[in-house]
Each structure stands twice: as C-alpha cells, then as structure tokens.
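If you want the building blocks of each chain, they are given just below.
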Amino acid sequence: QVQLVESGGGLVQAGGSLRLSCAASGRTFSGRFMAWFRQAPGKEREFVAGIGRNGDTTTYADPVKGRFTISRDNAKNSMYLQMNSLKPEDTAVYYCAARLVYSIPYSNSRGYDSWGQGTQVTVSS
C-alpha cells in the first residue's frame, strides 16, 4: 500500500486560507487517483476533492467548488489542497487517500485503500 501523511492543518479565521500537503511513499503513487476527504464531529466522512493520476483531471464537491484547489506533484510524491475563503462549516479532520477500486464511485470512501492519519482544520467565526 501507499503510505500517506498529511500536514498543514491549523486554526484560521473565516475568510482565511490554508494549504494542506500529503506526502506519499511506497510502491505506487503516480498511477493512483488521489482524493481529499473530511470528517466533522457528528457527520459522515465526505468527499472533498479528487485528482487524476497525472493531475490533468480534477473534481470537487459542491460545498468547496470555487474555493479549494487540488493539485499533485508526482515527482515529489506529494498532493496538495489549497483552501481559500474558509468557512466555519469547513471545520473537520482532513484526510488524503489513494484510490484502489475504480469500479466504486470516486466520492465513495470504500474505493480507497490507503489513508493518512488526518490533519485538523478549524475555522473560527
């Protein structure tokens, strides 16, 4: 499996920005679709953004579209999530994940086999 480690979370006021990083190691990275998920207290883990194996395709959940940007650098085995115009409802633990089962929709966490430990993002009002 791919080993994933997130970083960059923290506390920020509404309207601020954060940049999350996901460092990967292991046998496969460039050949995998990657995604960011988040989970807030009392809520299910939800898809945030995904990116194709070469970074040429991206997709976003409606609540973050226009505010977040996902990117990857395969040469550095890294993935990123630029988060702008943050809102209190963005508060959650954010996870990066590597997709395994491509027959399962990309927004479904069941299709991913590698997960980071998560990084906390807290947005105050």
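Residues numbered from 1 in each chain as written. Predicted model: local features only at pLDDT ≥ 70, side-chain atom pairs only at ≥ 80, totals over all residues. Heavy atoms only, no water.

Secondary structure assignment for the protein yields zero helices and eleven strands. Tracing the protein from N to C terminus, the helices and strands come up as β-β-β-β-β-β-β-β-β-β-β. Expected size for 125 residues packed as a compact globule is a radius of gyration near 14 Å; at 13 Å, the protein falls within 12% of this value. Dimensions of the protein along its principal axes, counting C-alpha atoms only, are 40 × 25 × 25 Å. Burial statistics for the protein: of 125 residues in total, 43% are counted as buried. The long-range fraction of contacts in the protein, counting pairs at least 24 apart against all pairs at least 6 apart in sequence, stands at 57%. Total accessible area on the protein is roughly 6,300 Å²; 46% of this is exposed by carbon and sulfur atoms. The centroid of the 14 positive side-chain charges in the protein is displaced by 4 Å from the centroid of its 9 negative side-chain charges. (Helix = DSSP H or I, 4+ residues; strand = E, 2+ residues; numbered from the N terminus. Rg over C-alpha atoms; globule rule 2.2 N^0.38 Å. Buried < 20%, exposed > 50% of the residue type's maximum accessible area, 1.4 Å probe, protein only. Contact = heavy atoms within 4.5 Å. Areas by Shrake-Rupley, 256 points an atom, 1.4 Å probe, with all protein chains shown as cover. Lys, Arg positive; Asp, Glu negative; His and termini not counted. Charge placed at Lys NZ, Arg CZ, Asp CG, Glu CD.)

Read from one edge of the open sheet, four strands run E1-E3-E8-E7, paired in antiparallel fashion. The open sheet terminates on both sides in strands that have one partner only, identified here as strand E1 (3–7) and strand E7 (68–73). Each strand of the sheet is rotated relative to its neighbour by a mean of 15°, with strand direction disregarded. (Pairing = 2+ DSSP bridges. Axes fitted to C-alpha atoms, helices over the stretch in contact; angles between N-to-C directions.)

Taken residue by residue, a regular strand's side chains alternate between the two faces of the sheet. Taken across its six residues, strand E5 (residues 46–51) has five buried, putting it largely inside the fold. The turn joining strand E4 (residues 34–39) and E5, which pair antiparallel and follow one another in sequence, is formed by six residues; a positive phi near 80° is taken by Gly42. For E5 and strand E6 (residues 58–60), the ladder comprises three bridges, and the chain directions are antiparallel. Each residue of the ladder has a partner; that of Ala49, found in E6, is Tyr60. A loop of six residues connects E5 with E6, the two strands running antiparallel in sequence, and Gly55 in this loop sits at a positive phi of about 80°.

To continue, consider the side chain of Ser114. Take Ser114: it is sitting in strand E10 (residues 112–115). Exposure remark for Ser114: the relative accessible area of 1% places this residue in the buried category. Every residue in contact with Ser114, bar those within four places of it in the chain, is listed here: Gln1, Val2, Leu4, Arg32, Cys96, Ala97 and Ala98.

Taken across its eight residues, strand E9 (residues 92–99) has seven buried, putting it largely inside the fold. Direction of pairing for E4 relative to E9: antiparallel, over a ladder of six bridges. In the strand pairing of E9, Ala35 is matched with Ala97. As paired elements, E9 and E10 share three bridges and run antiparallel to each other. When the bridges of E10 are listed, Arg99 appears paired with Tyr112.

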